[in-house]
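Structural overview for review
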Amino acid sequence: MAKMEVKTSLLDDMIGVGDMVLLEPLNEDSFINNLKKRFDHNEVYTYIGSVVISINPYRSLPIYTPEKVEEYRNRNFYELSPHIFALSDEAYRSLRDQDKDQCILITGESGAGKTEASKLVMSYVAAVCGKGAEVNQVKEQLLQSNPVLEAFGNAKTVRNDNSSRFGKYMDIEFDFKGDPLGGVISNYLLEKSRVVKQPRGERNFHIFYQILSGASEEFLCKLKLERDFSRYNYLGLDSARVNGVDDASNFRTVRNAMQIVGFMDHETQSVFEVVAAVLKLGNIEFKPESRANGLDESKIKDKNELKEICELTGIDQSVLERAFSFRTVEAKQEKVSTTLNVAQAYYARDALAKNLYSRLFSWLVTRINESIKAQTKVRKKVMGVLDIYGFEIFEDNSFEQFIINYCNEKLQQIFIELTLKEEQEEYIREGIEWTHIEYFNNAVICDLIENNQTGILAMLDEECLRPGTVTDDTFLEKLNQVCATHQHFESRLSKCSRFLNDTSLPHSCFRIQHYAGKVMYQVEGFVDKNNDLLYRDLSQAMWKANHSLIKALFPEGNPAKINLKRPPTAGSQFKASVATLMKNLQTKNPNYIRCIKPNDKKAAHIFNEALVCHQIRYLGLLENVRVRRAGYAFRQPYEPCLERYKMLCKQTWPHWRGPARAGVEVLFNELGIPEEEFSFGRSKIFIRNPRTLFKLEDLRKQRLEDLATLIEKIYRGWKCRTRFLLMKKCQIVIASWYRRYAQQKKYQKIKSSAITVQSYIRGWKARKLLRELKHLKRCNEAATVIAAYWHGTQARRELKRLKEEARRKHAVAVIWAFWLGLKVRREYRKFFRANAGRKIYEFTLQRLMQKYFLEMKTKMPSLSPIDKNWPARPYLFLDSTHKELKRIFHLWRCKKYRDQFTDQQKLIYEEKLEASELFKDKKALYPASVGQPFQGAYLEISENPKYKKLKDAVDEKIIIAEVVNKINRANGKAASRIFLLTKNNVLLADQKSGTIKSEVPLGDVTKVSMSSQNDGFFAVHLKEGSGAATKGDFLLSSDHLIEMATKLYRTTLSQTKQKLNIEISDEFLVQFKQDKVCVKFIQGSQKNGNIPTCKRKNNRLLEVAVP
Ligand SMILES: Nc1ncnc2c1ncn2[C@@H]1O[C@H](COP(=O)(O)OP(=O)(O)OP(=O)(O)O)[C@@H](O)[C@H]1O
Ligand SMILES: [Mg+2]
């Protein structure tokens, strides 16, 4: 859902007044009360025009969340309640959209929340500016530079647990789209005296404590440090631990931040080595040692620490030791070496520690700048954030406080200049008349300090450079002479001093009335600190160190670059850098955050009115409001003004069609606001008195209530009407639906009634028709019945008549017959008695026979000769007839069957019959032969050219031509022979050549012998003495034995008219040449299937093994 744009204003739900300009009446009390009221309601930010007053809440408030960032993003400055984000947003958008470089000046005393505010500004800008991997890295580096600098540059003071001990100005650079490109950090004068000495209740810089608490044992060992704070003279012990500060975890944060910013590991290592060296320097102690010339010379008490420092930093121990004992002064060509006494040695040691540390800090800033500097050369837009040490007043204020407070004077100066200038410029821009307003201008104090001739800094420099004995007292004397008359300078020793009797002002001090209060400065140490002298021997010793970082920190130690000119003093350096800063700030559009500290206890919820009042005074906030209100208290562009108040006038409400200015004019005239109360600028309306604005606000509030009522009324009316219309619509819908439903019901009822009536009528009609039809049908039926009856009656009558007639005729016939019979019987009675019995018997017999045959006709079995069926005999007396009839019928049908045969078939069956007679139940081979047709010529002698020779030799008809096995008479082995039977002969021929081996006339064949078994072995016995019988009888074996024997038998019978003797026996004799041999059949193995195997056992026995 799109977010609804709601135009709000800081005037909505305001606690007190959000903008002090609107404060009425305007005086110190109301000012403070307003701040207090808002502070009590957690409203820590209040505006004076575009200046943000921020009161340190000393506790975390839920007003810096990402949601808050989103809330303030792209909103107008006065649209929401005062917030540092509103100022940041305004500055960022003005930079991005109007191309104006910005600076955000955060001022306030120590602990007022400047550093926190600067971080909030940076984090807000980081959150709202562009995104992307590269941009995010830049942002992260910029943000992470803070923890590093805070660790090295911040310390706990009595005023602030995280007090910035250096000034910081950071330029964040953006490209034309508003994406951050990088940044440049400038640092201002680190309070280095803290390194060697801290006031009571304060600490050294955080990093010393962090390293000792957070570094690992291993790392500490590397740095030759011990975890115990009390081991180090430079660490103030009374407040080494700070409540709510975890040094160890902060150390990890710092290391992580250094990594993110881009410090290499060796660089980080070097930095911590220098820190460790500084810490250990404090432990070097000196003792006096008398010399021959009677002067005291300092000697290092325990060289162990020195040795470790030298190991850590790579400095030659003897060089450093000498640097702590001697001082070489070079003047022109002369070099004079003097010994240092113990005090001088301690001075040298501390100077070295301070210098090492402060130079390390500057190096860190340079190194960070190197990392975060923008990588492009395109024109950049710049937003500067200034977080400088706050104005501070301690019990003992020294050179550092003087410098710090001077800086704050300058900032106040620029604030006055810029706010006034801006205000003035606005009036001129808008064409409004401007009258000058009186306010305290601190330019006079700035002049007291920085004036080139008579300024305190100039005096100090002059004193430092002056030949002769120069002490802090001579410097004070000089001040007393030069500044005595200055109204902001106070000293007891100045000529005709007003403070001669002021005991609160010691003789060794001078007091300056700063814009923020009077500060008394101890003059002791001013000259030294301004000189910032480090003995050349020490800087040279450092330069000689085998440690790249330390070497780089002391370039002046390089003998090749020896410079006898005095380096610029600390004061003049600072003055110059502040001047540059001021110049820089003047080129930018200023945005002010004025931080106020609510109490001295660093505690939440406490609002110390006196303390706040003091700050308000010296910050000149009331004057700021007055200046802002001098001309006009409130100003606003015409468009938002018209938008806000247009409901107060009929002409402008709800819409004004015309220029906004004309609308505002009409509006103000209509409201009757006196003319002196407002002025029309070019783009803005200027309201002189806040009362007028409040009146407008009240009217608006009243009007808004009225409008709300009106809106409510209209809304309610609309709601009710809408509801009514809806209900009406609903009612119509319901009614129409109901009517429809009712009509439907009615219709259905009528329809069903109509259907009922209709069905009744139809039913009635149908029934009537049915009745008629039935009647008709009945009439027809009745007619038919009547007719039938009538016909029946007629028929019956006729039948009766016919029957009567027939009966009569029959009666006549019967009577006639009876009469005739009577007549015949009377006539033939004498003949009948002799023949009647026999005749009746014959007649009955005849009838039964007739019936028997007629029945048989229908019960006859089939004509198949093998059909064994025959009907049962009906009468016993016909038994023989019945059997005879069966026999006759069978013969008849056999004859019928035979009559179908051709001559050839007859021959075959004759042969088969012959075979049956010869072998049936005699030879076991026979049953298998029944189904085989007798073919005779198994070898096609006449067709096959192979047998041509044989065919030529035999000219008779061949009855059998078959291959047989001829058994060798001597050994019983078988040889194949062609067996031929012709009309007259039996022939055996060679199977391969067809040469006839034996030819026996049929007359010479006397007998054929064979076994009763299932074998094809047979012997052909020949007539003794015949030509063929010389070799003896033939022993043969054939698969077609039955056929061959049958055909041989039949042929022999037809030729010789003699029956061939066929002997069937399992033992018979055969003639072999002269011998008779017994052929004996035994049941043998089945090795050769059906073929018998013969074995000649001896001269008399041949064994035939049959299967
Ligand atoms: N907006 C804030 N919300 C919560 N706590 C704050 C806020 N501003 C400041 N503080 C608290 O006040 C302490 C001091 O703030 P800060 O360090 O910013 O002061 P300073 O003005 O920078 O002081 P100095 O001049 O000594 O550096 C912070 O450490 C923090 O605890
Ligand atoms: Mg600070």
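Everything here concerns the structure above.
The rules we used
Starting afresh in each chain, residues are numbered from 1 along the sequence in its written order. A letter from A marks each chain and a number from 1 marks each ligand, given out in the order of writing. The predicted origin of the model limits local features to residues at a pLDDT of at least 70 and limits the giving and counting of side-chain atom pairs to 80 or more, whereas totals for whole chains, interfaces and linings rest on all residues. Side-chain measures were taken over the full set of non-hydrogen atoms in the model, leaving aside hydrogen atoms and water. Accessibility here uses a 1.4 Å probe with only protein chains present; expressed as a share of the type maximum, an area under 20% marks a residue as buried, one over 50% as exposed, and anything in between as partly exposed. In this text, helices come from DSSP runs of H or I with a minimum length of four residues, and strands from runs of E with a minimum of two, each type numbered from the N-terminal end. Summarising the geometry, the arc corresponds to the directions from the helix axis toward the C-beta atoms. Here a residue-residue contact requires only that any non-hydrogen atoms of the pair lie within 4.5 Å. Counted as a polar contact is a pair of N or O atoms within 3.5 Å, where, for protein atoms, one must be capable of donating a hydrogen and the other of accepting one, and residues adjacent in sequence contribute only when both atoms are in side chains. Any Lys or Arg side-chain nitrogen found within 4 Å of a carboxyl oxygen on Asp or Glu counts as a salt bridge. Aromatic contacts are taken between Phe, Tyr and Trp rings whose centres are within 6.5 Å, Trp giving its six-membered ring; a plane angle under 30 degrees counts as stacked, one over 60 as edge-to-face, and the others as tilted. The convention used is that axes are lines fitted to C-alpha atoms, helices contributing only their stretch in contact, and that angles between N-to-C directions extend from 0 to 180 degrees. Any angle between 65 and 115 degrees counts as roughly perpendicular, while under 35 counts as roughly parallel, over 145 as roughly antiparallel, and the rest as oblique. By definition, any crossing whose near helix is turned counterclockwise from its far helix by less than a right angle is left-handed, and any crossing with a clockwise turn is right-handed. Note on residue classes: Ala, Val, Leu, Ile, Met, Phe, Trp, Tyr, Cys and Pro are nonpolar, Asp, Glu, Lys and Arg are charged, and everything else, Gly too, is polar. Proximity is defined per residue: any heavy atom of the residue falling within 4 Å of a molecule or strand makes that residue near it. All accessible-area figures derive from a Shrake-Rupley calculation using a 1.4 Å probe, and residue coverage is judged against the displayed protein chains alone. Remark: nonpolar core denotes a set of buried residues (Ala, Val, Leu, Ile, Met, Phe, Trp, Tyr, Cys) joined through side-chain atoms within 4.5 Å. Note: two strands are recorded as paired if DSSP finds a minimum of 2 bridges between them. Because no water is among the atoms considered, metal sites can look incomplete, with donors defined as N, O and S atoms within 2.8 Å of the metal, or 3.2 Å for Na, K and Ca. Like-charged residues are merged into a patch within 9 Å and nonpolar side chains (Val, Leu, Ile, Met, Phe, Trp, Tyr) within 5 Å, provided each residue has over 30% relative accessible area and no salt bridge. Working convention for charge: Lys and Arg count positive, Asp and Glu count negative, and His plus the chain ends are omitted. To locate a charge, take NZ of a lysine, CZ of an arginine, CG of an aspartate or CD of a glutamate. Each helix should span, by expectation, one fewer than its residue count multiplied by 1.5 Å.

What about helix α10 (residues 303-313)?
Residues of α10 that are buried include every one of Glu305, Leu306, Ile309, Cys310, Leu312 and Thr313, and no others. An end-on view of α10 places all buried positions within 160 degrees of arc, on one side of the element. The inward-facing, buried residues of α10 contact α7 (217-222), α9 (265-281), β9 (296-300), α11 (317-323) and α19 (548-553). Where α10 begins, one side-chain oxygen reaches toward the backbone nitrogen of Asn304, 3.0 Å away; that side chain belongs to Asp302. Gly314 occupies a position one or two residues after α10 and carries a positive phi of about 70 degrees.

Considering the pattern of salt bridges
Per the stated rule, a full pass over the model turns up 60 salt bridges. One salt bridge in this structure joins Glu217 and Arg227, with 3.3 Å as the shortest N-O distance. Of the two residues, Glu217 sits in helix α7 while Arg227 sits in the loop between α7 and α8 (247-261), which places them 10 residues apart along the sequence. Relative accessible area serves as the criterion here: at 54%, Glu217 is assigned to the exposed category. A salt bridge links Arg716 to Glu712, with the shortest nitrogen-to-oxygen separation between them at 2.7 Å. Of this pair, Arg716 and Glu712 are both found in helix α25 (residues 690-859), 4 residues apart, which corresponds to roughly one turn of the helix.

Topic: the packing of aromatic side chains
Two aromatic rings, taken as a pair, are described by how far apart their centres are and by the angle between their planes. Per the counting criterion, the structure on display carries 38 aromatic pairs. An angle of 50 degrees between the planes, with centres 6.1 Å apart, marks the rings of Tyr347 and Tyr535 as tilted. Taken together, the positions of Tyr347 in helix α12 (residues 342-372) and Tyr535 in the loop between α17 (526-531) and α18 (536-543) put the pair 188 residues apart, joining distant regions of the chain. The class of Tyr347 is partly exposed, set by a relative accessible area of 29%.

Section: the packing of α8 against α9
Closest axis-to-axis distance for the α8/α9 pair is 10 Å, and the angle between their directions is 135 degrees. Taken as axis vectors, α8 and α9 run oblique relative to one another. The two elements α8 and α9 meet at a crossing, and its hand is right-handed. In contact with Phe251, Arg255 and Met258 of α8, α9 contributes Thr268, Val271 and Phe272.

Some words on the packing of helix α1 (residues 28-40) against helix α21 (residues 609-619)
At a closest axis distance of 10 Å, the pairing of α1 and α21 adopts a crossing angle of 115 degrees. The crossing of α1 and α21 is right-handed. Contact with α1, carried on its side by Glu28, Phe31, Ile32, Leu35 and Lys36, involves Glu609, Val612, Cys613, Ile616 and Arg617 of α21 and no other residues of that element. Grouping the amino acids of the contact of α1 with α21 by side-chain chemistry returns 6 nonpolar, no polar and 4 charged.

Focus: the site of ligand 1
The full set close to ligand 1 counts 18 residues, and Asn56, Ser110, Lys114, Thr115 and Ser163 are the nearest of them. Within the contact set of ligand 1, a nitrogen atom lies 3.1 Å away from a side-chain nitrogen or oxygen of Tyr64. Taken by itself ligand 1 offers 620 Å² of open surface, and the protein chains cover 86% of this. Of all elements in the fold, only α4 (114-128) and β5 (163-164) reach the threshold of two or more residues within the shell around ligand 1. The element best represented in the shell around ligand 1 is α4, accounting for 3 residues.

Let's talk about the nonpolar core
Counting 205 residues, the largest nonpolar core has Phe31, Phe152, Phe208, Leu320, Phe324 and Phe510 as the members making the most contacts within it. If one sorts the elements of this core by residue count, α12 sits on top with 13 residues. Beyond its immediate chain neighbours, meaning those up to four positions away, Phe152 contacts Phe205, Ile207, Val271, Phe272, Val275, Tyr357, Leu360, Phe361 and Leu364. With 31 residues, the next largest nonpolar core counts Ala915, Met1010, Leu1041 and Tyr1049 among its residues.

Comments concerning the sheet that holds strand β17 (residues 634-637)
One open sheet accounts for 3 strands, arranged β17-β19-β18; its pairing is antiparallel. Taken across any chain shown, the strands that pair with only one partner, and hence form the sheet edges, are β17 and β18 (678-680). Taken over all neighbouring pairs, the strand axes of this sheet differ in orientation by 15 degrees on average, direction set aside. Judged from the 4 bridges that link them, β17 and strand β19 (residues 684-687) form a sheet pairing that is antiparallel. Looking across to β19, one finds that Pro637 is bridged to Lys684. Strand contacts of helix α23 (residues 638-645): β17, β18 and β19, with the helix running at about 100 degrees to β17, the strand carrying the most contacts. The strands that helix α24 (residues 660-671) touches are β18 and β19; relative to β18, the one it contacts most, it runs at about 155 degrees.

Digging into the coordination of the magnesium ion (ligand 2)
Taken together, the protein donors to the magnesium ion (ligand 2) comprise Thr115 (OG1) and Ser164 (OG), at separations of 1.9 to 2.0 Å. A residue pair is termed long-range when its members are at least 10 positions apart, and Thr115 in helix α4 and Ser164 in strand β5 qualify at 49 residues. The buried category is assigned to Ser164, whose relative accessible area is 9%.

Details of the pairing of strand β7 (residues 180-188)
Every regular strand shows the same layout, with side chains that alternate between the two sheet faces. Both strand β6 (residues 167-174) and β7 contribute to a ladder of 8 bridges, which runs antiparallel. Within β7, the residue paired with Asp171 across the bridge is Val184. Connecting β6 to the next strand, β7, in antiparallel fashion are 5 residues, including Gly178 with a positive phi near 95 degrees.

Considering unusual backbone geometry
The peptide bond linking Glu24 to Pro25 adopts the cis configuration, its omega dihedral lying at -5 degrees. Note that the residue after Trp653, namely Pro654, is joined by a cis bond; omega there is 0 degrees. Note that Pro654 resides in the loop between α23 and α24. Of note, Asn74 is a non-glycine position whose phi angle comes to about 60 degrees, a positive value. With phi around 65 degrees, Asp921 is a residue other than glycine that occupies positive phi space. Position of Asp921 relative to the elements: it lies in the loop between α27 (903-919) and α28 (926-930).

Considering a positive patch on the surface
Among the surface-exposed residues, Arg762, Lys765, Arg767, Lys768 and Arg771 lie close enough to one another that they form a single positively charged patch. Topologically, Lys765 is positioned in helix α25.

As for the sheet that holds strand β27 (residues 1061-1064)
If you walk across this open sheet you meet the 8 strands as β23-β22-β21-β20-β26-β25-β24-β27, and the pairing is mixed. This sheet does not close on itself; its edge strands, each paired only once, are β23 (996-1001) and β27. Averaged over neighbouring strand pairs, the angle between their axes works out to 30 degrees when direction is ignored. Bridge analysis of strand β24 (residues 1005-1010) against strand β25 (residues 1017-1022) gives 5 bridges, and the strand direction is antiparallel. Each bridged residue has a counterpart across the sheet, and for Met1010 the counterpart in β25 is Phe1018. Running at roughly 125 degrees to strand β20 (residues 958-967), helix α30 (residues 1041-1056) makes contact with β20, β21 (974-982), β22 (985-990), β24, β25 and β27 of the sheet.

Some words on helix α20 (residues 570-586)
An ideal rise of 1.5 Å per residue puts 24 Å on 17 residues; α20 measures up with 24 Å between its terminal C-alpha atoms. What α20 keeps buried is the set Ala570, Gly571, Phe574, Lys575, Val578, Leu581, Met582 and Leu585. Buried positions in α20, seen along its axis, are confined to an arc of 125 degrees and lie on one side of it. Turned more than 90 degrees away from the buried face of α20 sit Thr580 and Lys583, all of them exposed.

Thoughts on the side chain of Asp537
Note on placement: Asp537 falls in helix α18. An unpaired buried charge is present at Asp537: no salt bridge exists, and Arg322, the closest side chain of opposite charge, is 5.4 Å distant. Engagement of the side chain of Asp537 in a polar contact is seen with the side chain of Thr328, the distance being 2.6 Å. Among all residues touching Asp537, those that are not within four sequence positions of it are Ala323, Phe326, Arg327 and Thr328.

What to know about a nonpolar patch on the surface
Taken together, the side chains of Ile815, Trp816, Trp819, Leu820, Val824, Tyr828 and Phe831 define a hydrophobic patch exposed on the protein surface, amounting to about 720 Å² of accessible area. Checked against the element boundaries, Val824 lands in helix α25. Take Val824: its relative accessible area is 36%, and that puts it in the partly exposed class.

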